[in-house]
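Breakdown of the fold
This is what each chain is made of:
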Amino acid sequence: MATAWTIFLKDLRLELRTRESLSAMVIFAAAVTLLFAFAVNAAPARFQAFIPGLMWMTYFFTAVLGLLRSFGREKELDAYSLLLSAPVSRGAIYLGKAAAFFLFLLATQMISLPLFGLFLNMPLLAAPASLALIIVLTDLAIAAVGTLIAGMNLRSPAGETLLPVLLFPLLAPLLIAATRATSAALAGRPLREWDLWLMLMVTFFILFALAGTLIFDHISEQ
Amino acid sequence: MASFFTAVNINKSFHLHPVLKDVSFSLATGETVLLFGRNGSGKTTLLRILAGIMRPERGTAYLNGSILFTADSRWRRDVVYLGHQPNLYPAFTARENLMLSVRLRGQTWDEETFQTLLSGYGLAGREEEPIRVYSEGMLQRLGLVRLELASWRLALLDEPSAALDVDGTQTLSDALTRWHSQGRTVFFTSHDLGWGAARAERALLLSGGTISREAPVSTESDLVSYISEEE
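Okay, so let's go over this structure. (Residues numbered from 1 in each chain as written. Chains lettered and ligands numbered in written order. Predicted model: local features only at pLDDT ≥ 70, side-chain atom pairs only at ≥ 80, totals over all residues. Heavy atoms only, no water.)

1. Digging into the overall build of chain A
Scanning chain A from terminus to terminus reveals 9 helices and 0 strands. When its helices and strands are written in sequence order, chain A yields α-α-α-α-α-α-α-α-α. Radius of gyration (C-alpha) of chain A: 18 Å, near the 17 Å computed for a compact globule of 222 residues. Counting only C-alpha atoms, chain A reaches 55 × 35 × 30 Å along its principal axes. A burial count over chain A gives 53% of its 222 residues as buried. (Helix = DSSP H or I, 4+ residues; strand = E, 2+ residues; numbered from the N terminus. Rg over C-alpha atoms; globule rule 2.2 N^0.38 Å. Buried < 20%, exposed > 50% of the residue type's maximum accessible area, 1.4 Å probe, protein only.)

Right, dumping it as structure tokens:
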């Protein structure tokens, strides 16, 4: 765990130093939200049912952008070789990077999510605790899957193109679960009606976090 | 001399094109060995495999009898690698980068040694600057400071003298002599065959994906003639 903590702090410090990931992710999320706001402006009530889906699609692409930046940093001056040639567990490298990315995604949402309420009339305060739970669980799962796939693609020449192509089919069930849970929570439905989606998120997170920790050693080498 | 490091039948391909074909060789304790060959002969690939950065398709290696390339990362404690690039983060300062490197190797930070090494490599007073402002030569010097701060028994150096000026090359030569006297093994590549021949005790020619010649080093012209004979 000490190695995972070192990697987590390293990614955090790099982000605080450059602010490259977070600023790109926030700007992208805000720009897409505004675009949606203009697109649904003609009939806002009719589109209300689609807003949770639009929100999670926005954060899917925001996550792709963040992952590309997070792993892109490792390519500069071949810094990733410092991690790979170090006498540390690659599973710990995976955990450290996933934890840092989870934090970046969460921070991006804290900044940009109010725009969904402001411009798309999304009732964010209707069930704030439920919404927070859904966001945290979905982000954990996105970070677990995304870090694994981005790590796998890092050494591939076409890695940047492949990342969204590989990530979307893998994350589709999770994004569906997040969308359905968000819709149900904001509509004020009781938890027992949508707890299945939460269980799916937790299962996704546990499975991929475990797989990432165990197989990162094999996939991180070229 | 007893074999300290042995590589056995290492194979690696890229896009079905074989780069290394059953590469086998040994290194003795404290030996300084030059790996040379034409561009694209697979020198960097071989060093990166031995450092654990790339995975061979077949083959293995032994360090003091212990098998390498296993999931247990402890074998990498005895091995350090310095590539064409310094393997450091451009946004971090020299100090932050080296502290990270030391921490990853499970060692403790020694400020006095750090300052002494910085002075020795001509980087004194530059430790708080982000290394993205460093020149190529300064980055290479910092990469060497990273090596000096680590405890290791086998160093894998890919073109260590590239980008270094006269002073820097001399400092590197002194370091190679010191490491040799400390009984540390160095396996390095260089296209500057004159410099390489003067530093190495033995040279391995990598050609056609295999170690095609293994000979004690005498002069640069010997090495050039070995390459020519392979064509």
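2. Topic: the pattern of salt bridges
On inspection of all chains with the given rule, the structure shows 20 salt bridges over all chains. In this structure, the salt-bridge partner of D217(A) is R90(A), at a minimum N-O distance of 2.9 Å. Of this pair, D217(A) sits in helix α9 (residues 191-219) while R90(A) sits in helix α6 (residues 90-120), placing them 127 residues apart in sequence. Given a relative accessible area of 2%, R90(A) falls into the buried group. The closest approach of N and O atoms between R55(B) and D217(A), which form a salt bridge, is 3.8 Å. Of this pair, R55(B) sits in the loop between α1 (43-50) and β4 (58-63) while D217(A) sits in helix α9, which puts the two residues in different chains. Of the residues examined, R55(B) reaches a relative accessible area of 25% and is grouped as partly exposed. (Salt bridge = Lys/Arg side-chain N within 4 Å of Asp/Glu carboxyl O.)

3. Brief notes about the environment of T6(A)
One can find T6(A) in helix α1 (residues 2-18). Expressed as a C-alpha distance, the spacing of T6(A) and I93(A), which sit 87 residues apart in the sequence, is 8.8 Å. For T6(A), the residues in contact, after removing those within four places along its chain, are L100(B), R103(B) and L104(B). (Contact = heavy atoms within 4.5 Å.)

4. Side note on the sheet that holds strand β5 (residues 66-67) of chain B
All names here are of chain B. Within the open sheet, the 4 strands sit side by side as β2-β1-β4-β5. Their pairing is antiparallel. Unpaired on one side and paired on the other, β2 (17-28) and β5 mark the two borders of the sheet. Of the strand pairs in this sheet, β4 and β5 are connected by 2 bridges, and their pairing is antiparallel. Within β5, the position partnered with Y62 by the bridge is I67. (Pairing = 2+ DSSP bridges.)

5. Considerations on the sheet that holds strand β10 (residues 210-216) of chain B
Residues and elements named next belong to chain B. With mixed pairing, 6 strands are arranged side by side in an open sheet as β6-β7-β8-β3-β9-β10. Sheet topology places β6 (79-82) and β10 at the edges, where each strand pairs with a single neighbour. Going across the sheet, the axis of each strand differs from the next one's by a mean of 20°, ignoring polarity. Both β6 and strand β7 (residues 154-158) contribute to a ladder of 4 bridges, which runs parallel. Its bridge partner lying in β7, L82 is registered against L157. Against the sheet, helix α4 (residues 136-149) makes contact with β6 and β7, and its axis sits at roughly 175° relative to β6, the strand it touches most. (Axes fitted to C-alpha atoms, helices over the stretch in contact; angles between N-to-C directions.)

6. Quick word on the packing of aromatic side chains
Applying the stated criterion across every chain yields a total of 14 aromatic pairs over all chains. A centroid spacing of 5.4 Å and a plane angle of 25° characterise the contact between W5(A) and F8(A), whose relative ring orientation is stacked. Residue W5(A) and its partner F8(A) are located together in helix α1, separated by 3 residues, close to a single helical turn. Of the residues examined, F8(A) reaches a relative accessible area of 14% and is grouped as buried. The structure contains a cluster of three or more aromatic residues connected by ring pairs, namely W56(A), Y59(A) and F116(A). In this arrangement the basic side chain of K97(A) is found over the ring face of F71(A), its NZ or CZ atom lying 4.9 Å from the centre. Above the plane of the ring of W152(B) lies R184(B), whose end atom (NZ or CZ) is 4.1 Å from the centre. (Phe/Tyr/Trp six-rings, centres within 6.5 Å; stacked < 30°, edge-to-face > 60°. Lys NZ or Arg CZ within 6 Å of the ring centre and 35° of its normal.)

7. Quick look at the interface of chain B and chain A
Much of the literature gives interface size as the accessible area that the parts lose upon coming together. Facing the 31 residues of chain B at the interface are 29 residues of chain A. Taken over both partners, the interface formed by chain B and chain A buries close to 2,900 Å², and the fraction arising from carbon and sulfur atoms is 58%. At the junction of chain B and chain A, the tally comes to 3 salt bridges. Elements represented by at least two residues in the side of chain B that touches chain A include exactly β1 (3-14), α2 (94-104) and α4 of chain B. It is α2(B) that provides the largest number of residues to the side of chain B that touches chain A, a total of 5 residues. Considering only residue class, the side of chain B that touches chain A consists of 15 nonpolar, 6 polar and 10 charged. (Buried area = accessible area lost by both parts, 1.4 Å probe. Nonpolar A, V, L, I, M, F, W, Y, C, P; charged D, E, K, R; others polar.)

8. Some thoughts on a nonpolar patch on the surface
Residues and elements named next belong to chain A. Together, V202, I206, L210, L214 and I215 make up an exposed nonpolar region whose accessible area comes to about 440 Å². Within the secondary structure layout, L214 lies in helix α9. By relative accessible area, L214 is classed as exposed at 62%. (Patch = residues over 30% accessible without salt bridge, like charges linked within 9 Å, V, L, I, M, F, W, Y side chains within 5 Å. Areas by Shrake-Rupley, 256 points an atom, 1.4 Å probe, with all protein chains shown as cover.)

9. Brief notes about α9(A)
All names here are of chain A. Roughly 45° is the biggest bend found in α9, and it falls at T213. The set of residues buried in α9 consists of W194, L198, M201, F204, F208, A209, G212, F216, D217 and I219. Elements in contact with the buried residues of α9: α5 (80-84), α6, α7 (128-153) and α8 (159-186). (Bend = angle between axes of the 7 residues up to and from the residue.)

10. Points about unusual backbone geometry
All names here are of chain B. The backbone of H15 sits at a positive phi, close to 50°, despite the residue not being glycine. Position of H15 relative to the elements: it lies in the loop between β1 and β2. Assessed through its relative accessible area of 76%, H15 is described here as exposed.

11. Some points on the packing of helix α2 (residues 20-39) of chain A against helix α4 (residues 51-75) of chain A
Residue and element names in this part refer to chain A. Here α2 crosses α4 at 155°, and the two axes come no closer than 9 Å. Relative to α4, the element α2 is oriented roughly antiparallel. The handedness of the crossing between α2 and α4 is right-handed. Judged by residue contacts, E20, S21, A24, M25, F28, A29, V32, T33 and F36 of α2 engage L54, T58, Y59, F61, T62, L65, G66, R69, S70 and R73 from α4. (Parallel < 35°, antiparallel > 145°, perpendicular 65-115°, else oblique. Left-handed = near helix turned anticlockwise from the far one by under 90°.)

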